[in-house]
Amino acid sequence: MEFALSAFENLPVAPVAEKRPLTDARHGISRTDDYAWMRDANWQAMFKDPSILDPAIRAHLEAENAYQGVAMAGTVDLQKELFAEMRGRIKEDDSSVPAPDGPWLYGVRYVTGGEQPRHFRIPRDAGAGASASEQITLDGDKEAEGKAYFRLAGAGHSPDHRLMIWGYDDKGSEFFTLRVRDLETGEDLPDLVENTGGGVAWSAGSDGFFYTAVDDNHRPNRIYHHRIGTTAKEDTLIREEQDSGFFMSVSGSSLDDFVFITVNDHETSECWVMPADDPAAMPRLVAGRETGVEYSLCEGGEVFFILTNAGGAKDFKIMQAPVEAPERKNWEEVVAHKPGRLILSVSAYRNHLVWMERENGLPRIVIRDRTTGAEHAIAFDEEAYALGFQGSMEYDTEVVRFSYSSMTTPSELYDYNMRTRERTLLKRDEVPSGHSPSDYVTRRVMAPAHDGEEVPITLLYRRDTPLDGTAPCLLYGYGSYGISIPAGFNTNCLSLVDRGFVYAIAHIRGGKEKGFGWYEAGKRERKANTFHDFISAARYLDKEGFTAHDRIVAQGGSAGGMLMGAVANMAPDAFGAIIAAVPFVDVLNTMLDDTLPLTPPEWPEWGNPIVSAEDYRTIAAYSPYDNVAAQAYPPILAVAGLTDPRVTYWEPAKWVARLRELSTGDAPVLFKVNMAAGHAGASGRFQRLEEIAFEYAFALKVVGKA
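All values reported here derive from a predicted model rather than from experimental measurement.

Undergrad: I tried to follow the sheet that holds strand β22 (residues 341–348) on my own but got confused; where do I start?
TA: With antiparallel pairing, the four strands of this open sheet are ordered in space as β22-β23-β24-β25. Looking at which strands have only one partner, the edges of the open sheet turn out to be β22 and β25 (375–378). If you compare each strand with its neighbour and ignore which way they point, the axes differ by 25° on average. Judged from the seven bridges that link them, β22 and strand β23 (residues 352–359) form a sheet pairing that is antiparallel. Paired with S345 across the bridge in β23 is M356.

Encoded structure:
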């Protein structure tokens, strides 16, 4: 890729990290890590106060930022152009369609120039005077003033609509602080709860709330009840999880009469139920944890509906049990397991049961009349599309909401009457700068994998894009945790597509696009399938003329960043460049460190190399950092956040150092560290666009279009 290398001519010498060898021996295998020192010894405290970062580490990270600044200096105007384009596609004063709940309609909007959401409500019976009677319940821009980073955890009103809990993180480290606002006065009460996971459930009487507390290792392991008007020190411990491999969360029921406490890792779950009006009551266990068995509850009046894979229902089934006796022995089947049809979620209303499912890679919403058992589905005809089910805040309703989009079709929001089947379009997302769906083509193609499987790929390109191998391509992948990447509308990628790119999403194993088995075939001892699938997708796009191998820019973030590191090692010739955002590339070291926030809960996904020699060898065989080799790599851009508790900054820092040390080629390796953000990057909606513009400018530069 000669134009990629010429794009980065006359660069200064890249930062060279000092080597401080640290040897570790496990299962009779010895490894030496030259760059382990990049992990701040006091990282837990640093996440809460970044100013205490070790000076030597700070100096190295700042040198990396200076280097990539020089390398990308020629794209500054392009970045501004891309940013302006992407911002121009956003309706700056956009507003949600307010959703009904009791006497109010609740919604979220943005103001022109605003970075943060503004929560509001209007009286349900306001009619034509709705706008005049609007009440701003939380102004995110106002709360973010003076803060380098600010992210709202959300805002939830009390059952009696008098109060609102809202949470925020102002470090990027995901330690959320909770406040309580009086919606009648607009003032926050003295109540203040720190170091939480962000989620809450109101007490039935609106006089308190349940929340999840996070420990020093950033693990949500305790549920507390806070009574309004008291201090956090007086909060009542409801339940504590002793196993560091499981996380806790809390949520409320649709009728506000139950609180659900969920304990889970990536393959096992356990639920406890307690009355929302009695924080002194003992939580009731629904079904004890059983490795590999997952279940979740939703309330349906006198019964709980249970979505579960128990009894070998790999793609899940729906059960029910009486609320007064929800134990597993009382579960009765409502919707049977059907192999290949993955049930994703379930919601209950007074007269209807609704679930989201995916079959043959496409989602649909199914409605069942709870009295007659009659079913019908909401589906669409495009080759690839995305559905989102918003449901309703209210239980006694016939109307629910869903959204629809495709790679060419902006998101549409509908109210749907479950009884009459009437569909009412509420909103179609506007693209202020203009968008004509007919100018674009979206396709779903299948790439043959190394073992005979077929990997779905969703494509978007302009109708006039030549498919003769000359078009550049951004190929996105993730492939972990069973997360499926929707084929939905994305205004940002149009900045590449309008410049001749083919935009592609590889729906590789490790996700659930083709059912739960698709996920199982891309985890633990079969993790290599994820990487092979992505390489197969790249080679297919090259072979079929959608692009050429040296014009493919691969992109992935977090676990998708691990994918980027793995395929760079396995098939560097298949890609023209690689963008790895907050990349999980030091997999073996991270899975060996049980003090890190996510390590114990992640063992079911990756394996536990501490106790298992087999898991150790499996991870060591693909861990990107451990498999950097003396070979020529394509240009690589890594992006990280200093206070990221999910993928710590030192993972990409070490990976970049080793790539520079061992690469035999001349392609640059760039590393950008956001010194004031965490895993999600910048928190504001326009600040985030600046980061995307930077990554897209890199992609355009390496294919000779900058």
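Now, onward.
Undergrad: Before we go on, may I ask you to explain helix α14 (residues 685–702) in this structure?
TA: Since one α-helical turn is 3.6 residues long, residues separated by three or four positions face the same way. Compared with the 26 Å implied by 1.5 Å per residue over 18 residues, the 27 Å span of α14 between its first and last C-alpha is a close match. α14 sits mainly inside the fold: 15 of its 18 residues count as buried. Positive phi appears at G704, one or two residues downstream of α14, with a value of about 80°.

Undergrad: What is the right way to look at the pairing of strand β30 (residues 440–448) in this model?
TA: Regular strands show a simple pattern: their side chains alternate between the two faces of the sheet. The sheet contact formed by β30 and strand β31 (residues 454–462) spans nine bridges and is antiparallel. In the strand pairing of β31, V445 is matched with I457. Turn length for the β30-β31 hairpin, with the two strands adjacent in sequence and antiparallel, is five residues, and the turn residue G452 shows positive phi of about 100°.

Undergrad: Would you explain the packing of aromatic side chains in this entry?
TA: Two aromatic rings, taken as a pair, are described by how far apart their centres are and by the angle between their planes. Scanning all chains against the criterion turns up 24 aromatic pairs. Aromatic pair F260 and F304: ring centres 5.7 Å apart, planes at 75°, arrangement edge-to-face. Linking F260 in strand β15 (residues 258–264) with F304 in strand β19 (residues 303–308), this pair joins segments that are 44 residues apart in sequence. One exposure class covers both F260 and F304, and it is buried. Taking the centre distance of 5.8 Å and the plane angle of 25° together, the rings of F534 and F575 count as stacked.

Undergrad: Could you clarify how one ought to interpret the nonpolar core in this entry?
TA: In globular proteins that are soluble, nonpolar side chains generally tend to be buried together. Formed by 123 residues in total, the largest nonpolar core has its most connected members in L475, Y503, F534, F575 and W655. If one sorts the elements of this core by residue count, α14 sits on top with 11 residues. Listed in part, the 17 residues of the second largest apolar core include L307, V335, L342 and I343.

Undergrad: Looking at this structure, how should I read the sheet that holds strand β27 (residues 399–405)?
TA: Strands pair in a sheet through their backbones, by hydrogen bonds, and they do so in one of two ways: parallel or antiparallel. Spatially, β26-β27-β28-β29 is the arrangement adopted by the four strands of the open sheet, whose pairing is antiparallel. Two strands close off the open sheet at either side, each with one partner strand: β26 (386–391) and β29 (423–428). Strand-to-strand twist in this sheet, taken as the mean axis angle between neighbours without regard to direction, amounts to 25°.

Undergrad: Sorry if this is basic, but what is going on with a negative patch on the surface here?
TA: Taken together, D256, D257, D277 and D278 make up a surface patch of like negative charges. Structurally, D257 is set in the loop between β14 (247–252) and β15. Looking at D257, the relative accessible area reads 31%, which means it is partly exposed.

Undergrad: Explain the pattern of salt bridges to me, please; I cannot follow it from the model alone.
TA: It is possible for side chains bearing opposite charge to pair when their charged atoms get close. A complete count under the given rule lists 49 salt bridges for this structure. Across the salt bridge formed by K19 and E661, the nearest N and O atoms sit 2.7 Å from each other. With K19 in the loop between α1 (2–6) and β1 (22–26) and E661 in helix α13 (residues 650–662), the pair connects residues that are 642 residues apart, well separated along the chain. Owing to a relative accessible area of 43%, K19 belongs among the partly exposed residues under this scheme. The exposure class assigned to E661 is partly exposed, which follows from its relative accessible area of 34%.

Undergrad: Can you help me understand the environment of P275 in this one?
TA: Tracing the backbone through its elements, the reader meets P275 in strand β16 (residues 269–275). Judged by relative accessible area, P275 falls into the partly exposed class, the value being 28%. If near-sequence neighbours (up to four positions away) are discounted, P275 is found in contact with D257, F258 and A281.

Undergrad: Got a minute to help me understand the pairing of strand β5 (residues 118–123) in this structure?
TA: Pairing between strand β4 (residues 104–109) and β5: six bridges, direction antiparallel. Opposite L105, over in β5, you have I122 as the bridge partner. Bridge count for β5 against strand β6 (residues 135–139) is four bridges, and the pairing is antiparallel. Looking at the pairing, F120 lines up with I136 of β6.

Reading the values: rules and limits
Residues numbered from 1 in each chain as written. Predicted model: local features only at pLDDT ≥ 70, side-chain atom pairs only at ≥ 80, totals over all residues. Heavy atoms only, no water. Pairing = 2+ DSSP bridges. Helix = DSSP H or I, 4+ residues; strand = E, 2+ residues; numbered from the N terminus. Axes fitted to C-alpha atoms, helices over the stretch in contact; angles between N-to-C directions. Expected span 1.5 Å × (residues − 1). Buried < 20%, exposed > 50% of the residue type's maximum accessible area, 1.4 Å probe, protein only. Phe/Tyr/Trp six-rings, centres within 6.5 Å; stacked < 30°, edge-to-face > 60°. Core = buried A, V, L, I, M, F, W, Y, C linked by side-chain atoms within 4.5 Å. Patch = residues over 30% accessible without salt bridge, like charges linked within 9 Å, V, L, I, M, F, W, Y side chains within 5 Å. Areas by Shrake-Rupley, 256 points an atom, 1.4 Å probe, with all protein chains shown as cover. Salt bridge = Lys/Arg side-chain N within 4 Å of Asp/Glu carboxyl O. Lys, Arg positive; Asp, Glu negative; His and termini not counted. Charge placed at Lys NZ, Arg CZ, Asp CG, Glu CD. Contact = heavy atoms within 4.5 Å.

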